[in-house]
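So the chains spell out like this:
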Amino acid sequence: MRRFLYKIFVNNRLIDFISSPFLSIVTPPIIALYYGSLDIWGDEWAIFRDYKETHEAIFTYLAIITTVILFLKGVAEQFRSKISSKYQNILQAMVAYFNELVKKKRDRFFQKARSLKPNTDIFKAITHPKEQLEYALDGTKRLLSNVFNLESKNIAITIIRGSEKEDTWWYEFKCDEQKQHTKAKVIMNGNSTAKYCFQTGESIFIPDIRKGVKEGAFLPSERSKKLGVGSIYCKPVRVEVNNIDYIYIFTIVVYGQFMCTPYDEEECRACERLLDEISDRVELELYLHSMKTFKESGGK
């Protein structure tokens, strides 16, 4: 029903036409001129006096059409004002999220700099990608919850790591360690979004997981089957350190709710851009995490 109303009042060519600046600027003066002419010269001009019934019909039709257009335009503007407000909230939340990440790192650098010695391993002292990644995942969960009014319990954020050659996969990071997730190997060997984006090498956002199931790009779990609806975003990250590949799959899944309106293309694109920005920050920390893992493992 909501999708039907959205198509009628927001996303169709008629609404775009009646909301166009041309129609809003040109049409009212013309109609006002016609009404004024009828009122002032209706009994004097032959074009009005001799075709009185015709002008009565025109007057009635214009009144009805004007009322309908004003109603449709009013409803459309109401919907669009809410969407515009949502975009503004997204922008503000993004700025706050990125500022939090920068502040976390800046504060750590400030504290470490005060006690540095000349022979200190600076990379080891100031680079804590694991801590930063855990903070980023928690911050992402708060961001999505606040911006999209999602229940925190319905959001699952994970980073899968593995080896394609050995076909071993595990969870390197989980936003909530208490939650039970489908085994990483099952996900990477099934018709999952994670496997799909890993094979294509590109991020993917599916606003409605039901569509992903139909297209073979989402692997249903007990939780997704139970709750029915949801959204998912995945991005593959491959880091090569001295010929050693570190492979990660960053995933955000929302169960029981939609991250955005699935049938609103503009809102979906805005949501995807936000998720891409988040994943870019996560990717940066994964590069540092891979290099630190390489160093600590002695290059193995």
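I will try to describe carefully the structure that is included in this document. (Residues numbered from 1 in each chain as written. Predicted model: local features only at pLDDT ≥ 70, side-chain atom pairs only at ≥ 80, totals over all residues. Heavy atoms only, no water.)

What follows deals with the overall build of the protein chain. Helix and strand counts for the protein chain stand at 12 helices and 5 strands. Each of the 300 residues in the protein chain was classed as buried or not, and the buried ones make up 40%. Once local pairs closer than 6 in sequence are excluded, the contacts in the protein chain between residues at least 24 apart make up 66%. When the accessible surface of the protein chain is totalled, it reaches about 18200 Å², and 55% of it is carbon and sulfur. (Helix = DSSP H or I, 4+ residues; strand = E, 2+ residues; numbered from the N terminus. Buried < 20%, exposed > 50% of the residue type's maximum accessible area, 1.4 Å probe, protein only. Contact = heavy atoms within 4.5 Å. Areas by Shrake-Rupley, 256 points an atom, 1.4 Å probe, with all protein chains shown as cover.)

A few words on the layout of surface pockets. Here the second largest pocket is characterised by a volume of approximately 350 Å³. Sorting the residues of the lining of the second largest pocket by element identifies β1 (155-163), α9 (193-200) and β5 (244-255) as the ones contributing at least two each. The class makeup of the residues in the lining of the second largest pocket is 12 nonpolar, 8 polar and 1 charged. (1 Å grid on protein atoms, 1.4 Å probe; cavity = no way out; pocket = protein on both sides within 12 Å on 5 of 7 lines; lining within 4 Å. Points joined across faces, edges and corners; volume = space filled by probe spheres on them. Nonpolar A, V, L, I, M, F, W, Y, C, P; charged D, E, K, R; others polar.)

Over its 32 residues, helix α12 (residues 265-296) runs 45 Å from end to end, which matches the ideal 46 Å to within 8%, given 1.5 Å per residue. Phi turns positive, to about 75 degrees, at G298, one or two residues after α12. (Expected span 1.5 Å × (residues − 1).)

Taken together, 5 strands build an open sheet; the order of strands is β2-β1-β5-β4-β3 and the sheet is antiparallel. Two strands close off the open sheet at either side, each with one partner strand: β2 (168-174) and β3 (204-206). Ignoring strand direction, the axes of neighbouring strands in this sheet form an average angle of 20 degrees. Pairing of β3 with strand β4 (residues 230-241), which is carried by 3 bridges, proceeds in the antiparallel orientation. Note that in β4 the partner of I206 across the bridge is I232. (Pairing = 2+ DSSP bridges. Axes fitted to C-alpha atoms, helices over the stretch in contact; angles between N-to-C directions.)

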